[in-house]
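Observations on chain architecture
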Amino acid sequence: MERAEENGGGGGVLRQPPAVWATAGASVVAFMGIGLVDPILPSIAQGLHATAGQVSLLFTSYFLITAVAMLVTGFVSSRVGGRRTLLGGLALVVVFAALAGTSDTVAQLVGYRAGWGLGNALFVSTSLAVIVGAAAGGSATAILLYESALGLGMACGPLLGAVLGDASWRYPFFGTAALMAIGFLCIAVFLREQPKPARRTSLLDPIRALGHGGLASAAAAAFFYNYAFFTVLAFTPFVLNMTPYKSGAVFFAWGVLLAVFSVLVAPRLQRRLGSLTVLGGSLVLLAADVVVLGYGDHTTAIVCTVLSGAFIGVNNTVFTELALGVSDAPRPVASAGYNFVRWFAAAAAPYFAPKIEEWSDVHMPFVVAGVAAAIGAVIVRVRRAALTREAGELAPRHATEDGVGVFAG
């Protein structure tokens, strides 16, 4: 499907009001928090005398809470407004990120990451809606800003984690808390409250939205894709077994490719080949990449890790646009249902990958991830007619109709 059309306005991408830059800047930090722990996972394991499986629960608790919170975010924002929802989410991130830095046991750290995940869910699920409402230049400009913030955050998160984590694994958590506190202040000063939706969202609306065949298919494909994505993100650092600086450099390069392919390459491929063709092909390439990553030598593993960022960037963009446009439900509701499904895979992969290694060998977690990505491609292929028909019916809709963030990470 095509990218959202502009809804008017003459502002360029860089000519935005302070409220947009404040929200986009805080979004960068929010996305940094996802990959922040990547370079320091081995250091955390060593510092807290924990196993790889225990430390991987940092991702599991974070995304499990994020998945469940997707049923709550629309309920909250439709009642208290976008500005208060953003500020509440940021406040939770500040508190729990700071507490994470004080952890004495891995159980404490996992628990604090769960609270962090709740705050991040409230913020991320609302941030694009706020950017769309405040941006000059229309919805296409707003989506571009949001995707740029996503890519920049995913690229810089591992780098920040490496720089601060080289001194102590605790410092990246304190650094994130400080940056999010700055974001809180900027949004409090520059962002005015936006109009509340005409209709309040119930807790069951996102579940009902999944009754739509196109949205259910997109969510199912994204579930298997996210399993592969987060196997790379959460398990690969233990396989690479590098210093925080070296691991941070690898995942910084990974994040740069993710950003470039998400913002610049994916839209061109979509215009030339069509979204579903691009998505299916990218999922197959990701499947092959992670299998080679698992069986290659150390250098091959590094190259495949970085290269996976390109496929993940393409998938993120296409899945985001598909979820925004394929359903006839209000976008916040459709997004919540979609994210509710796919974030469970992000919670499952960090838990099961180390378990699969214990049951078999270090190669098998990547084989399972490759199979998962391939299943995602099969779903896209099998459901192609329904996705194409339903996406085509809704293509003219603008992303400004109840716009909402659907980070497809």
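Structure shown above.
Summary of the structure given here. The structure displayed is predicted, hence computed values, not measured ones.

On to the overall build of the chain. In terms of helices and strands, the chain carries 15 helices and zero strands. Of all 409 residues assigned to the chain, the portion counted as buried reaches 57%. In the chain, of all internal contacts separated by at least 6 residues, the share reaching a separation of at least 24 is 88%.

Along the chain, the position of T231 falls in helix α9 (residues 213-240). Among the residues examined, T231 registers a relative accessible area of 0% and is labelled buried.

Right, let's get into a nonpolar patch on the surface. On the surface, L159, V163, Y245, F252, V256, V260 and L264 cluster together to form a nonpolar patch covering roughly 540 Å² of accessible area. Among the elements of the structure, α6 (139-165) and α10 (244-273) are those that each provide at least two residues to the nonpolar patch. The element contributing the most residues to the nonpolar patch is α10, with five residues.

Summed over the entire model, instances satisfying the criterion amount to 16 aromatic pairs. Between F229 and W254 the ring centres are 6.1 Å apart and the planes differ by 45°, which places this aromatic pair in the tilted class. With a gap of 25 residues between them, F229 in helix α9 and W254 in helix α10 connect regions that are remote in the sequence. Judged by relative accessible area, W254 falls into the buried class, the value being 1%. Ring centres of F340 and F344 lie 5.1 Å apart, and the angle between their planes is 85°; on these two criteria the pair is classed as edge-to-face. Separated by four residues within a single helix, F340 and F344 lie in helix α13 (residues 331-359), roughly one turn from each other. In this structure F340 comes out as buried when scored by relative accessible area, which is 17%. Judged by its relative accessible area of 28%, F344 is partly exposed.

A few words now on the environment of D38. Along the chain, D38 turns up in the loop between α1 (18-35) and α2 (41-47). Taking the C-alpha atoms as reference points, D38 and P244, 206 residues apart in sequence, are found 8.6 Å from one another. Discounting residues that sit within four places of it in the chain, D38 has contacts with F59, L233, A234, P237, S247 and F251.

This part is about the packing of helix α3 (residues 52-80) against α13. Helix-helix packing is characterised by the crossing angle of the two axes and by the distance between the axes. The N-to-C vectors of α3 and α13 enclose an angle of 170°; their axes lie 8 Å apart at closest approach. If you check the angle between α3 and α13, you find them roughly antiparallel. Residues that form the contact of α3 with α13 fall into these classes: 18 nonpolar, five polar and no charged.

Moving on to the nonpolar core. Here is a general trend for soluble globular proteins: nonpolar side chains tend to be buried in one another's company. Counting residues in hydrophobic clusters, the biggest one holds 121 residues, and the most contacted among them are I44, F63, F173, I187, F230 and W254. Looking at this core element by element, the count peaks at 15 residues for α9. Excluding residues that lie within four positions of it along the chain, I44 makes contacts with H49, V55, L58, L109, W169 and F173.

All right, on to the pattern of salt bridges then. One pass over the full model with this rule turns up two salt bridges. A salt bridge links R170 to D104, with the shortest nitrogen-to-oxygen separation between them at 4.0 Å. Separated by 66 residues along the polypeptide, R170 in the loop between α6 and α7 (171-190) and D104 in the loop between α4 (82-100) and α5 (106-134) bring together distant segments of the chain. In this structure R170 comes out as partly exposed when scored by relative accessible area, which is 25%. Note that R208 and D205 form a salt bridge whose closest N and O atoms lie 2.9 Å from each other. Of the two residues, R208 and D205 are both situated in helix α8 (residues 205-209); the distance of three residues between them amounts to about one turn of the helix.

Here is what the cut-offs are and how they apply
- Residues numbered from 1 in each chain as written.
- Predicted model: local features only at pLDDT ≥ 70, side-chain atom pairs only at ≥ 80, totals over all residues.
- Heavy atoms only, no water.
- Helix = DSSP H or I, 4+ residues; strand = E, 2+ residues; numbered from the N terminus.
- Buried < 20%, exposed > 50% of the residue type's maximum accessible area, 1.4 Å probe, protein only.
- Contact = heavy atoms within 4.5 Å.
- Patch = residues over 30% accessible without salt bridge, like charges linked within 9 Å, V, L, I, M, F, W, Y side chains within 5 Å.
- Areas by Shrake-Rupley, 256 points an atom, 1.4 Å probe, with all protein chains shown as cover.
- Salt bridge = Lys/Arg side-chain N within 4 Å of Asp/Glu carboxyl O.
- Phe/Tyr/Trp six-rings, centres within 6.5 Å; stacked < 30°, edge-to-face > 60°.
- Axes fitted to C-alpha atoms, helices over the stretch in contact; angles between N-to-C directions.
- Parallel < 35°, antiparallel > 145°, perpendicular 65-115°, else oblique.
- Nonpolar A, V, L, I, M, F, W, Y, C, P; charged D, E, K, R; others polar.
- Core = buried A, V, L, I, M, F, W, Y, C linked by side-chain atoms within 4.5 Å.

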